[in-house]
Amino acid sequence: MLNDTICALASASGKAGVSVIRLSGEQATNILKLITFKDLPANRILGLRSIYRPEDKSKDDPLDEALAVCMPGPNSFTGEDVVELHLHGGTAIVSAVLDACLSTKKCRLAEPGEYTRRAFENGRMDLTKAEAVGDLIDAETEAQRQQAIKQYDGAFYEQCQNWKSTLINAMAALDASIDFPDEEDVPSGIDSRAYPLVQDLVESIQQALDNSNAGLAVRDGFKVAIIGPPNAGKSTLMNALAGRDAAIVSDIAGTTRDIVEVRLELAGYIVWLSDTAGLRDTADAIEAEGVKRALARAEESDFRIFLHAKDQTPPDVSTAVNGDLLLTNKSELNVEYQALQSTATELEHRHISLKNDNDVLMVKELLSAIVVDRMSTSGSAPLVSRQRHKHLLLSTLDNLNHAVLAMENDFSSDLIAEDIRLAARDIGKITGEIDSEDILDRIFGEFCIGK
């Protein structure tokens, strides 16, 4: 299928001022000739062309007058011959021109993501850049756009290449001591050179993983769970922050039994805010399931807001982490506040009244500041923007830690080298390439082994 010529609408569907149809493959230019009955315009120069059905030899019924451009491979987006047709953006025009291209019997409709897939297969981009194309298209906030464009420009790819180069150096040193133990021109103790290289890698990859939650949250959204006892005001807080009635508010305890989720944009970041069932012991099977789901959502969220009313016993915050927020609602009540029992967890704590608009604004501003702080990263480590990246880096780190432990306990070089090779394989999976020939080139090039 990768040898087929493909065509598809490259711009958004629906009525528009201009729509773009893209063809890619060895028949792209032939198709342009067949639907214009004219020679090709000069490469990379827009040429005015009337578009016809290929069977309309009389040219009595033009489909549209368009601008056509030919971009020969390999210097095109896909690495293949590419033709683009810039049409008037009427839906009938787009449909008719696509039908005309398909009626030549020299192309088929493209599958989802196939243009970018071909760009990757033809070496025009690595996997991280291919993923960034999709992220750029899907970007809804400035933070998402900035992260996607950095990845598209190769920031993460360059870091992966640096990691790969260090791994190759370490493997080359170990392989040299394994394969050429008696060679006079191989320096003694060469396998010991791998140890500091691997240690540096562990530190660098750990830093990237430390920042991974921020990178994932920029792309997928920062998850905030509101938890606490029934009738604390959780649904009221959600509605106030969302600016609409997203959750049912009632004086009846146990009204919220499942997760209610709304999407917010705070300080340029996507935030998913979850209202959860009130935490209490209950004999009601459905409500008990809601409590179970509430606790699970709290655990998997990036941030938790513990909310209780002034006349309620403070909630159990044993599941909280440092930096989570504790809100005591209904501060207008004339009752004595029961202080939270001492805990090792450091929580922000505010007394509020959700009947007071200024208090709601304060909570929103505080939450925005927390989101910005959590999204910021330390140092220059690249942001891991997908679970795929995080999973592979965790596997890489695991293999490198095995290698460090093996070196510290004087294991044989071949066992250590295998851990490092597995780490290199995982890095290669991130970018979509890893070549064992690189290891051989480094051995012969740097250690002067060649006879």
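Residues numbered from 1 in each chain as written. Predicted model: local features only at pLDDT ≥ 70, side-chain atom pairs only at ≥ 80, totals over all residues. Heavy atoms only, no water.

Caption draft 1: Fine view of the overall build of the chain. Within the chain, the regular secondary structure consists of 14 helices and 12 strands. Here the contacts in the chain between residues at least 6 apart in sequence split such that 61% fall between residues at least 24 apart. Accessible area for the chain stands at about 22,500 Å²; split by element, carbon and sulfur atoms hold 48% of it. (Helix = DSSP H or I, 4+ residues; strand = E, 2+ residues; numbered from the N terminus. Contact = heavy atoms within 4.5 Å. Areas by Shrake-Rupley, 256 points an atom, 1.4 Å probe, with all protein chains shown as cover.)

Caption draft 2: Geometry of the sheet that holds strand β4 (residues 64-71). Sheet architecture is open: six strands sit in the order β3-β4-β5-β2-β1-β6, paired in mixed fashion. Where the open sheet ends on each side, the last strands, each with one partner, are β3 (47-51) and β6 (108-109). Both β4 and strand β5 (residues 82-89) contribute to a ladder of five bridges, which runs antiparallel. For Val 69, the partnering residue across the bridge sits in β5 and is Glu 84. (Pairing = 2+ DSSP bridges.)

Caption draft 3: Representation of the sheet that holds strand β12 (residues 348-351) within the structure. Strands sit in the order β8-β9-β7-β10-β11-β12 across an open sheet of six strands; the sheet is mixed. Either end of the sheet is taken by a strand with one partner, and the two such strands are β8 (260-266) and β12. Sheet twist, expressed as the mean angle between neighbouring strand axes with direction ignored, is 20°. Two elements, β8 and strand β9 (residues 269-275), share seven bridges in a ladder whose sense is antiparallel. Each bridged residue has a counterpart across the sheet, and for Leu 266 the counterpart in β9 is Tyr 269. Sheet strands in contact with helix α10 (residues 285-300) are β7 (222-227), β8, β9 and β10 (303-309), and its direction is about 140° off that of β7. (Axes fitted to C-alpha atoms, helices over the stretch in contact; angles between N-to-C directions.)

Caption draft 4: How the structure looks around the nonpolar core. Ranked by size, the top nonpolar core spans 31 residues in total, and within it Trp 163, Leu 167, Val 198, Leu 393, Leu 400 and Ile 420 carry the most contacts. Counting only elements with at least two residues in this core, the list comes to α6 (155-179), α7 (194-210), α12 (387-408) and α13 (413-431). Within the second largest apolar cluster, 30 residues are counted, among which are Ala 217, Phe 222, Leu 327 and Val 371. (Core = buried A, V, L, I, M, F, W, Y, C linked by side-chain atoms within 4.5 Å. Buried < 20%, exposed > 50% of the residue type's maximum accessible area, 1.4 Å probe, protein only.)

Caption draft 5: How the structure looks around unusual backbone geometry. The linkage connecting Gly 73 with the following residue, Pro 74, adopts the cis geometry, with an omega of 5°. Checked against the element boundaries, Pro 74 lands in the loop between β4 and β5. Backbone geometry places Ala 267, a non-glycine residue, at a positive phi of 55°. Relative to the helices and strands, Ala 267 resides in the loop between β8 and β9.

Caption draft 6: Representation of helix α3 (residues 114-121) within the structure. Looking at α3, one finds that the buried residues are Glu 114, Tyr 115, Thr 116, Arg 118 and Ala 119. Check the buried side of α3 and you find it contacts β1 (6-9), β2 (16-24), β6 and α4 (127-138). Taken from the residues just after α3, Gly 123 is the one with a positive phi, measuring 75°.

Caption draft 7: Representation of the pairing of β2 within the structure. Across four bridges, β1 lies against β2 in antiparallel orientation. Counted as the bridge partner of Ala 8 is Arg 22 from β2. Where β2 lies against β5, eight bridges are found, and the strand directions are antiparallel. Within β5, the position partnered with Leu 23 by the bridge is Val 83.

Caption draft 8: Just the packing of aromatic side chains, in detail. In total, this model carries two aromatic pairs according to the counting rule given. With 5.7 Å between their ring centres and 50° between their planes, Phe 37 and Tyr 52 make a pair best called tilted. Of this pair, Phe 37 sits in the loop between α1 (28-36) and β3 while Tyr 52 sits in the loop between β3 and β4, and the two are 15 residues apart along the sequence. You can call Phe 37 partly exposed: its relative accessible area is 27%. A residue is classified by how much of its surface remains accessible, and Tyr 52, at 10% relative accessible area, is buried. Between the aromatic rings of Phe 156 and Trp 163, the centroid separation amounts to 6.4 Å while the plane-to-plane angle is 90°, which identifies the pairing as edge-to-face. Over the face of the ring belonging to Tyr 152 we find Lys 129, whose NZ or CZ atom lies 4.5 Å from the ring centre. (Phe/Tyr/Trp six-rings, centres within 6.5 Å; stacked < 30°, edge-to-face > 60°. Lys NZ or Arg CZ within 6 Å of the ring centre and 35° of its normal.)

Caption draft 9: Structural view of the side chain of Thr 328. Tracing the sequence through the fold places Thr 328 in strand β11 (residues 325-329). Within the local environment of Thr 328, its side chain forms a polar contact with the side chain of His 308, the two groups lying 3.0 Å apart. (Polar contact = N/O pair within 3.5 Å; in protein donor to acceptor, adjacent residues only side chain to side chain.)

Caption draft 10: Structural view of the side chain of Thr 276. With respect to the element layout, Thr 276 can be found in the loop between β9 and α10. A distance of 2.7 Å separates the side chain of Thr 276 from the backbone oxygen of Ile 226, its partner in a polar contact.

Caption draft 11: Inspection of the environment of Ala 320 at higher detail. Secondary-structure assignment places Ala 320 in the loop between β10 and β11. A relative accessible area of 8% places Ala 320 in the buried class. Once the C-alpha coordinates of Ala 320 and Arg 304 are considered, the two residues, 16 residues apart in sequence, prove to be 7.2 Å apart.

Caption draft 12: Expanded view of the pattern of salt bridges. A full pass over the atoms with the stated rule returns 20 salt bridges. Between Arg 388 and Glu 131 there is a salt bridge whose closest N-O contact spans 2.8 Å. Residue Arg 388 is located in helix α12, and its partner Glu 131 is located in helix α4; the two are separated by 257 residues in the primary sequence. Look at Arg 388 and you get partly exposed, because its relative accessible area is 27%. One continuous salt-bridge network, built from bridges that share partners, spans Glu 131, Asp 135, Arg 219, Asp 220, Arg 386 and Arg 388. (Salt bridge = Lys/Arg side-chain N within 4 Å of Asp/Glu carboxyl O.)

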